[in-house]
Amino acid sequence: MELTSTSAGMVVEPKSYVALFRVIYLNKDLEQYLKFSEQYADSLQVEYFDSKEGVLRALEENYPADIILAHTESGGLELLDTIRNNAGFGNIPFVLMVNNLSYEAIEIARKHHADDIFSVRFDDGDLITRIRYFKKRQWYVASKASQKISAQNTRTPLWKRAIDVITTGGAVILLLPVFLLVALLIRLDSKGPVFYKSKRVGSGYKIFDLYKFRTMRTDADQLIRKMAALSMYNKSTEPVNQIESNGLCDDCLAGNQCKSLLFHDGKEICEKLYHFQKDQKAAFMKFQNDPRITRFGQFLRNSSLDELPQLINILKGDMSLVGNRPLPLYEAEKMTTDDKILRFAGPAGLTGLWQVTKRGKGKADMSEEERTQLDITYAKEFSFKMDMQIILKTFPALLQSENV
């Protein structure tokens, strides 16, 4: 586990990378999340989870997290072990949170290969500095990986580039009314940019911005905090002072005593009030993800129309129609060994060899190693004939529910 400061030789990421750091935050204590989100509102885009299963689902759906923060008492260690033992999740930076820092806690974090450990209050150490270091480390790895394959011919052949420009150029012209309509509806539905950009690694380990239509509100984090506070503290049928009156409800206060007093977290609390707070927290958990996705954004995701802007990436030359899928930075980082780096010697693309190899089956039916080997095979052997075969097989694969 690395617990040292950034070394002088690290490569600093480009100045154009100014987006908020995206954080997966695992903690069953909702109030701690609210405090954390408020504390780092200007620097972090926080995605809240109360279970490790939810985090794993988000990672499987390629949520572009820059870092994971997980509390040890909320399944943090189990989540860390799962991620470190599954090559498919990559080497995403992982920080454990504990109630109190101790030598024993640090040793446990080191044993489980965490990148760092902090008190859940983040009152000791600079979290933002650590996240910046992790990002610089990723850029350094990218630089080294790029050097490894610099001797390979990663330029897109003229015939392949011609197909990309002709097919996607024609598609963009035909779909221009759809682009304009979707852009207009996104702007009418919520404030913010039309496009969403995420960093991906493509051919030659080149890092570029992958485009999608924006499907989430730009103020989703602030909205979650407000709705959580409203749900937990301001239910119209229960006055606020009922929750903040020394752990007693109005009925208890009226009688100057509580008939059913509980001890919770070292404090006295009325059993009626305790269950009320618990119900409010549970109610919030049920709708916590709803405000993040816009009404129109849900339709875009379900119809896969949010992926259309990737045609622009093809026209720009960032990727090709057929090739190896560009990977998130943290996932590409694990592909820098000599036996895997060659997958970046081939073109990046929307669809590729492994997507059509096991038609009708999900990604879970193909191991990470099998996918990597198919990517390497494509990088070494791709040709006009192979590309045409993949394109023709892509549509039947889509009809058989393959997720490409």
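K.L.:
For this particular structure, what's the right way to read the overall build of the protein?
P.N.:
A tally of helices and strands in the protein yields 15 helices and 12 strands. Relative to all contacts within the protein whose residues are 6 or more apart in sequence, the contacts with residues 24 or more apart total 70%. Here the protein displays about 20800 Å² of accessible surface, and carbon together with sulfur accounts for 54% of that area.

K.L.:
In this structure, what is going on with the sheet that holds strand E3 (residues 67-71)? I would like to understand it.
P.N.:
Sheet strands pair via backbone hydrogen bonds, and the direction of the pair is either parallel or antiparallel. Strand order in the open sheet made by the five strands is E2-E1-E3-E4-E5, with parallel pairing throughout. Each edge of the open sheet is held by one strand with a lone partner, namely strand E2 (44-49) and strand E5 (116-119). Within this sheet the neighbouring strands show an average axis-to-axis angle of 25 degrees, counted without direction. Bridge analysis of E3 against strand E4 (residues 94-98) gives four bridges, and the strand direction is parallel.

K.L.:
When you look at the sheet that holds strand E11 (residues 327-328) in this model, what are you seeing that I'm missing?
P.N.:
A sheet is described by the order of its strands in space; here three strands give the open sequence E7-E6-E11, paired in antiparallel fashion. If you trace the sheet from one side to the other, it starts and ends with strand E7 (207-213) and E11, each paired once. Relative to E7, strand E6 (residues 195-201) is paired through seven bridges, and the arrangement is antiparallel. Pairing of lysine 199 across the sheet is with aspartate 209, part of E7.

K.L.:
Can you help me understand the packing of aromatic side chains in this one?
P.N.:
The geometry of an aromatic ring pair is captured by two quantities: the separation of the ring centres and the angle between the planes. The tally for this structure, following the rule as stated, stands at 17 aromatic pairs. Aromatic pair tryptophan 159 and phenylalanine 382: ring centres 6.4 Å apart, planes at 45 degrees, arrangement tilted. Taken together, the residues tryptophan 159 in helix H6 (residues 158-189) and phenylalanine 382 in the loop between helix H14 (368-381) and helix H15 (384-399) connect sequence positions 223 residues apart. Between the NZ or CZ atom of arginine 343 and the centre of the ring of phenylalanine 344, over which it lies, the distance is 4.8 Å.

K.L.:
How should I be thinking about the side chain of serine 119 in this particular structure?
P.N.:
By the element assignment, serine 119 lies in strand E5. Apart from residues lying up to four places away in sequence, serine 119 is in contact with Val98, Asn99 and Leu101.

K.L.:
Is there a simple way to explain the nonpolar core in this structure?
P.N.:
Buried together is how nonpolar side chains tend to be arranged in soluble globular proteins. Ranked by size, the top nonpolar core spans 27 residues in total, and within it Val182, Ile186, Phe213, Leu300, Met319, Tyr378 and Ile390 carry the most contacts. Contributions of two or more residues to this core are made by H6, E7, helix H10 (295-303), helix H11 (310-316), strand E10 (320-322), helix H13 (353-357), H14 and H15. Per-element accounting of this core gives the leading share, five residues, to H6. Setting aside chain neighbours within four positions, we find phenylalanine 213 in contact with Phe179, Val182, Ile186, Val194, Phe195, Tyr196, Leu300, Leu305, Asp306, Leu308 and Pro309.

K.L.:
Just to check I follow, could you spell out the pairing of E5 for this structure?
P.N.:
Here is the key point about a regular strand: its side chains alternate between the two faces of the sheet. Burial along E5 is two-sided: the face carrying Asp116 and Phe118 and the face carrying Ile117 and Ser119 are both buried. As paired elements, E4 and E5 share four bridges and run parallel to each other. Bridging across to E5, valine 98 finds its partner in serine 119. You can see the chain leave E4, run along helix H4 (residues 103-111) and come back into E5, and the turn it takes is right-handed.

K.L.:
Even after reading the chapter, I still don't get helix H1 (residues 30-39), so can you show me in this structure?
P.N.:
An α-helical turn contains 3.6 residues, so any two residues separated by three or four positions project in the same direction. Along H1, the residues classified as buried are Leu30, Tyr33, Leu34, Phe36 and Ser37. For H1, the angular spread of the buried residues around the axis is 165 degrees, confining them to a single face. Opposite the buried face of H1, at more than 90 degrees from it, the exposed residues are Lys35 and Glu38. The N-capping residue of H1, defined by a side-chain oxygen 3.1 Å from the backbone nitrogen of glutamate 31, is aspartate 29.

K.L.:
When you look at the pairing of E4 in this model, what are you seeing that I'm missing?
P.N.:
A large share of E4 lies buried, amounting to five of its five residues. Burial of E4 is two-sided: the residues Phe94, Leu96 and Val98 facing one way and the residues Val95 and Met97 facing the other way are all buried.

K.L.:
Would you mind showing me how to read the environment of phenylalanine 94 here?
P.N.:
Examined against the element boundaries, phenylalanine 94 turns out to sit in strand E4. Separated by 40 residues in sequence, phenylalanine 94 and phenylalanine 134 have C-alpha atoms that sit 9.8 Å apart. If sequence neighbours within four positions are ignored, phenylalanine 94 has contacts with Ile68, Ala70, Gly76, Leu79, Leu80, Ile83, Arg84, Ala114, Asp115 and Asp116.

K.L.:
How should I be thinking about a nonpolar patch on the surface in this particular structure?
P.N.:
On the surface, Leu181, Leu184, Leu185 and Leu188 cluster together into a nonpolar patch covering about 390 Å² of accessible area. The class of leucine 185 is partly exposed, set by a relative accessible area of 31%.

K.L.:
How should unusual backbone geometry be read in this particular structure?
P.N.:
Among all residues except glycine, the phi angle is most often negative; among peptide bonds, the trans geometry is most common. Despite not being glycine, phenylalanine 122 shows a phi value in the positive range, around 55 degrees. Within the secondary structure, phenylalanine 122 is located in the loop between E5 and helix H5 (127-148). Of note, tyrosine 205 is a non-glycine position whose phi angle comes to about 60 degrees, a positive value. Here tyrosine 205 lies in the loop between E6 and E7.

K.L.:
I keep staring at the packing of H6 against H10 and nothing clicks. Help me out?
P.N.:
Packed helices, taken two at a time, are described by the angle their axes make and the gap between the axes. In contact at an axis separation of 8 Å, H6 and H10 are set at 145 degrees when each is read in the N-to-C sense. Here Val182, Leu185, Ile186 and Asp189 of H6 come into contact with H10, specifically with Arg295, Phe296, Gly297 and Leu300. For the contact of H6 with H10, the per-class residue count stands at five nonpolar, one polar and two charged.

K.L.:
Before we go on, may I ask you to explain the side chain of arginine 325 in this structure?
P.N.:
Here arginine 325 lies in the loop between E10 and E11. Here arginine 325 is buried and forms no salt bridge, its nearest opposite-charge partner glutamate 307 lying at an N-O distance of 5.0 Å. For arginine 325, the side chain forms a polar contact with the main-chain oxygen of glycine 349, separated by 3.4 Å. A distance of 3.4 Å separates a polar atom in the side chain of arginine 325 from the backbone oxygen of leucine 350.

The rules behind these values
Residues numbered from 1 in each chain as written. Predicted model: local features only at pLDDT ≥ 70, side-chain atom pairs only at ≥ 80, totals over all residues. Heavy atoms only, no water. Helix = DSSP H or I, 4+ residues; strand = E, 2+ residues; numbered from the N terminus. Contact = heavy atoms within 4.5 Å. Areas by Shrake-Rupley, 256 points an atom, 1.4 Å probe, with all protein chains shown as cover. Pairing = 2+ DSSP bridges. Axes fitted to C-alpha atoms, helices over the stretch in contact; angles between N-to-C directions. Phe/Tyr/Trp six-rings, centres within 6.5 Å; stacked < 30°, edge-to-face > 60°. Lys NZ or Arg CZ within 6 Å of the ring centre and 35° of its normal. Core = buried A, V, L, I, M, F, W, Y, C linked by side-chain atoms within 4.5 Å. Buried < 20%, exposed > 50% of the residue type's maximum accessible area, 1.4 Å probe, protein only. Right-handed = clockwise from strand over helix to strand, strands pointing away. Arc of directions from axis to C-beta. Polar contact = N/O pair within 3.5 Å; in protein donor to acceptor, adjacent residues only side chain to side chain. Patch = residues over 30% accessible without salt bridge, like charges linked within 9 Å, V, L, I, M, F, W, Y side chains within 5 Å. Salt bridge = Lys/Arg side-chain N within 4 Å of Asp/Glu carboxyl O. Nonpolar A, V, L, I, M, F, W, Y, C, P; charged D, E, K, R; others polar. Lys, Arg positive; Asp, Glu negative; His and termini not counted.

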